[in-house]
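Coordinates in review
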Amino acid sequence: MNTLLINLLSIATLYGEDILGIIFFVGVFGAAIIEIIFESNRKKHKIDKQAEILHEAIQKGGTENVNVSEIVGAFNNKKKTLKLTIIKNLKAGLICSLIGLGLIVVALLSITEIDLRNVMYVSGGVLVAVGVAFVITFFISKSYLAKEIEAEERKLTGK
């Protein structure tokens, strides 16, 4: 495990300067923490806005005229359809495959030590295999669920 961590740190080093590797990883983790905080604040703001709109609607119209379930349903715009789920499989497959191929190409072109190249070959191969599995799942799901996807599209368009 320690050699793997050392090998991963050596990827970000330049001419034996370990400080660059440390700065790189601190930057990556710092950016991840900032993204998590930003996303949680965005979700909190969205929930606060929805609550404010619901509160105003109830105050203005009274509870007899307001169908709260319809208002809440209008806020939920994340309706996952079969088609979107299947397309996400294709997207994940292509991303994994490209990252895996990128690792393999970098390993082929690099002149670093053999252990690091082996780690890159193995991780690149695993990512390519996972990506191919996602792409195969996309094509199988697309053909297997074609009727359900068409029925769902007709239902959504109202035809």
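One structure accompanies this document, and this report is about it. No experiment lies behind these values; they were computed from the predicted model shown. Position numbers for residues start from 1 in each chain and track the written sequence from start to end. Only residues with pLDDT of at least 70 are given local features in this predicted model, and only at 80 or more are side-chain atom pairs given and counted; all residues enter the totals for whole chains, interfaces and linings. Water and hydrogen atoms were dropped before computing side-chain values, which therefore reflect all heavy atoms in the structure.

Another point: the overall build of the protein. Under the scheme used here, helices are H or I runs from DSSP no shorter than 4 residues and strands are E runs no shorter than 2 residues, and both carry numbers assigned from the N terminus. In terms of helices and strands, the protein carries 6 helices and 0 strands. Order of helices (α) and strands (β) in the protein, N terminus to C terminus: α-α-α-α-α-α. In the protein, which comprises 159 residues, the proportion classed as buried is 16%. In what follows, a contact means two residues having at least one pair of non-hydrogen atoms within 4.5 Å. For the protein, the proportion of contacts with a sequence separation of at least 24, taken over those separated by at least 6, is 62%. Using a 1.4 Å probe, the Shrake-Rupley method yields the accessible areas, and only the shown protein chains count as cover for residues. Surface accessibility of the protein: about 12400 Å² in total, with carbon and sulfur atoms responsible for 69%. Three exposure classes are used, based on accessible area relative to the maximum for each residue type with a 1.4 Å probe and protein chains only: buried under 20%, partly exposed in between, and exposed over 50%.

Bringing the environment of Gly124 into the picture now. Of note, Gly124 is situated in helix 5 (residues 114-144). Note: C-alpha distance between Gly124 and Cys96 (28 residues apart in sequence) is 9.0 Å. In contact with Gly124, other than residues within four places in its own chain, are Gly100, Leu103 and Ile104.

A few words now on helix 4 (residues 82-109). Multiplying 1.5 Å by the helix residue count minus one yields the expected span of that helix. Over its 28 residues, helix 4 extends 41 Å from the first C-alpha to the last, a length consistent with the 40 Å expected when each residue adds 1.5 Å. Listing the buried residues of helix 4 in full gives Ile86, Asn89, Gly93, Cys96, Ser97, Gly100 and Ala107.

Here we come to the packing of helix 4 against helix 5. In a pair of packed helices, the angle between the axes and the distance between the axes together describe the arrangement. To get an axis, fit a line to the C-alpha atoms, keeping to the stretch in contact for a helix; angles then go from 0 to 180 degrees between the N-to-C directions. Interaxial distance between helix 4 and helix 5 falls to 7 Å at its minimum, and their mutual angle equals 155°. Here helix 4 lies roughly antiparallel to helix 5, going by the angle between them. By crossing handedness, the relation of helix 4 to helix 5 is classed as left-handed. Basically, the charged four are Asp, Glu, Lys and Arg, the nonpolar ten are Ala, Val, Leu, Ile, Met, Phe, Trp, Tyr, Cys and Pro, and anything else, Gly included, counts as polar. A breakdown of the residues in the contact of helix 4 with helix 5 according to their chemical character gives 21 nonpolar, 10 polar and 2 charged. An angle below 35 degrees is read as roughly parallel, one above 145 as roughly antiparallel, one from 65 to 115 as roughly perpendicular, and any other as oblique. The hand of a helix crossing depends on one turn: near helix anticlockwise from the far one by less than a right angle means left-handed, and clockwise means right-handed.

Another point: the pattern of salt bridges. Opposite charge on two side chains permits pairing when their charged atoms draw close. Throughout this description, the term salt bridge denotes a Lys or Arg side-chain nitrogen within 4 Å of a carboxyl oxygen of Asp or Glu. This model, assessed by the stated rule, comprises 3 salt bridges. Across the pair Arg42 and Glu39 runs a salt bridge, and its minimum N-O distance is 2.5 Å. In this pair, Arg42 and Glu39 are both assigned in helix 2 (residues 18-65), 3 residues apart and thus about one turn of the helix distant. Owing to a relative accessible area of 37%, Arg42 belongs among the partly exposed residues under this scheme. Glu39 gets classed as partly exposed once you look at its relative accessible area, which sits at 26%. Note that Lys83 is salt-bridged to Glu153, the shortest N-O span being 2.9 Å. Pair noted here: Lys83 is in helix 4 and Glu153 is in helix 6 (residues 146-157), with a separation of 70 residues, a long-range link.

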